[in-house]
Structures are given as structure tokens and as C-alpha cells.
Amino acid sequence: MGLQQFEQRLERLVEGTFAKAFRGQLQPVELGKRLTREMDLHRAVSVRGLISPNVFDINLSAEDFERFGAFIDVLAEELVDAAREHARTSRYIFLGPVEVTVGIVDTLTRSTFTIIASVVEGDQELVGEIVLADGRRIGVGSDPIAIGRLEECEIQINDANASRRHAEIRRDGNSVLVVDLSSTNGTKVNGALIKQHRLMDGDVITIGATPLRYESI
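The following paragraphs examine the structure supplied in this document. Bear in mind the structure is a predicted one, so any value in this text is a computation, not a measurement. (Residues numbered from 1 in each chain as written. Predicted model: local features only at pLDDT ≥ 70, side-chain atom pairs only at ≥ 80, totals over all residues. Heavy atoms only, no water.)

Along the polypeptide, Val140 turns up in strand E8 (residues 137-140). Residue Val140 is classed as buried on the basis of its relative accessible area of 1%. Spatially, the C-alpha atoms of Val140 and Arg170 are 8.0 Å apart, while their sequence positions differ by 30 residues. (Helix = DSSP H or I, 4+ residues; strand = E, 2+ residues; numbered from the N terminus. Buried < 20%, exposed > 50% of the residue type's maximum accessible area, 1.4 Å probe, protein only.)

What follows is the structure in C-alpha cells.
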């Protein structure tokens, strides 16, 4: 599912501006397929479950890197999403944030590339991140995170349907809970109203009309 979504998004992105750059050449989905294969090959069993690499260094030929041009940053972001989707469907866990970098190796020839996958531990105090609608990320650690319209809320939402203190994100051991604070319009997770919910990677919290995505680390 993750690779299909990745390919569909990339197909939309390369229409027009980037169409000529990819015609008959190295395709972005080839990078996605190799990346997820590296995740499968280098997964490791631990007491917490199957640990997957979370940092990926991709190197292209100078010709391909130049051809991708301004698309490199978008490609890296899409590959991060593809890795997270694959981890969700395969029930892998990450020990740190997922990062993808794309660079150049002069000895590589056109349409060839390398991927080095590594397990890199992140901040041990953090167990996840809340991804805001504008792309900003708020780390989930030991301190509760208030969500609402008040300025003092860690996640302030400018949404008329949100209460002043609407909900709270709380750490419970290695798990993360979202708790509704008796809000006027309620809190939803994946479209369902909740009072308290244990968050899983990829869950979408909706406050009023504002979506917030939870990503585990």
C-alpha cells in the first residue's frame, strides 16, 4: 500500500514540470522500492518488536542528481512517507526519526544509485511526534501537551470549533494517549469521537476542522 501511494503521489508531482526529467530515465519509484527492500533486509528483532532502519543515505550519479534538480527535497520527503507507510504495514518500529538524504557519487553512472540504511537512535525522552497541518512537528516526551485556542497551549489551534483547552497528549510509559478535556465539540481519532485513546503510528487526531497526525519514534 505504501509504495502504491508513493508512486501515485510521485506520478502527480512529475506531471508537467518534471515529466521530461523522468521520461526513460531513473524513476523515483525505483528508489522507493529499494528503500523498503533495505528496511526488510536490515530489520532486527528486539524485545520491543521488529526494529527497522530509520536513516537512509541515497547517492545518485551526478547526471541524475542534476536532472532531478529542485525535485530532490520533495523526493526525500516522499521517501520518508513511503518508509513510514511500509513500517506501518509491516509492523516495524523506529528508534528515531526517519530521515532521507540524497547526494552525489561521481563514480556512479546514469540510472544507478546506492542506499545505505542505518538504525540511528533519537532522543530517548521522545516517544513520538505530533505533525501539525503546516508540517511543523512537536515532540512527545514526558510532559503533557495541551491542545486548544489558548496561547499557553503547546499546540495552539486557530479554529472556531476548538475549545480553549480542548485536548491533551499524555505519555503513558512507552505509549501515548490523547485525552479530551470535556471540549464542546469533542475530539476525534481517525474519524471516531473519543474520550481517551491510545495512539498508534499514523493516527489522525481531529480538533474542530484541524487534523493532527501522530507518528511514533
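There is more to say after this.
Attention now moves to the side chain of His166. Looking at the secondary structure, you find His166 in the loop between strand E10 (155-156) and strand E11 (167-172). Look at His166 and you get buried, because its relative accessible area is 0%. A distance of 2.8 Å separates the side chain of His166 from the backbone oxygen of Gly186, its partner in a polar contact. For His166, the residues in contact, after removing those within four places along its chain, are Ile147, Gly148, Asn161, Asp180, Leu181, Ser183, Gly186, Thr187 and Ile207. (Polar contact = N/O pair within 3.5 Å; in protein donor to acceptor, adjacent residues only side chain to side chain. Contact = heavy atoms within 4.5 Å.)

Counting residues in each nonpolar core, the largest one holds 24 residues, and the members touching the most others are Leu31, Leu35, Met39, Phe56, Ile58, Leu60 and Val100. Counting only elements with at least two residues in this core, the list comes to helix H3 (28-41), strand E3 (55-60), helix H5 (72-90), strand E5 (99-104) and strand E6 (113-118). When near neighbours in sequence (up to four residues on either side) are disregarded, Val100 contacts Leu35, Phe56, Ile58, Ala76, Leu79 and Val80. Ranked by size, the runner-up nonpolar core spans 20 residues in total, among them Ile147, Ile194, Leu199 and Ile205. (Core = buried A, V, L, I, M, F, W, Y, C linked by side-chain atoms within 4.5 Å.)

Here the focus is the sheet that holds E5. Pairing is mixed across the open sheet formed by three strands, whose spatial order is E5-E3-E6. Looking at strand neighbours, the two that pair on one side only are E5 and E6, the edges of this open sheet. Averaged over all neighbouring strand pairs, the angle between strand axes comes to 15°, with direction disregarded. Across six bridges, E3 lies against E5 in parallel orientation. Within E5, the residue paired with Leu60 across the bridge is Ile104. Taken strand by strand, H3 contacts E3, E5 and E6, and its axis lies near 35° from that of E6. H5 rests against E3 and E5 of the sheet, and its axis sits at about 140° to E5. (Pairing = 2+ DSSP bridges. Axes fitted to C-alpha atoms, helices over the stretch in contact; angles between N-to-C directions.)

This paragraph deals with H5. The end-to-end C-alpha separation of H5 is 27 Å, in line with the 27 Å expected for 19 residues at 1.5 Å each. A positive backbone phi angle near 60° is found at Arg91, which sits one or two residues after H5. (Expected span 1.5 Å × (residues − 1).)

It is worth spelling out the pattern of salt bridges at this point. Inspection of the entire model under this criterion finds 13 salt bridges. Here Asp134 and Arg136 are joined by a salt bridge, their closest N and O atoms 2.7 Å apart. For Asp134, a relative accessible area of 52% translates into the label exposed. Judged by its relative accessible area of 48%, Arg136 falls in the partly exposed class. The closest approach of N and O atoms between Arg165 and Glu168, which form a salt bridge, is 3.3 Å. Each member of the salt-bridge network shares a partner with another, and the members are Arg84, Glu85, Arg88, Glu129, Arg137, Asp201, Arg213 and Glu215. (Salt bridge = Lys/Arg side-chain N within 4 Å of Asp/Glu carboxyl O.)

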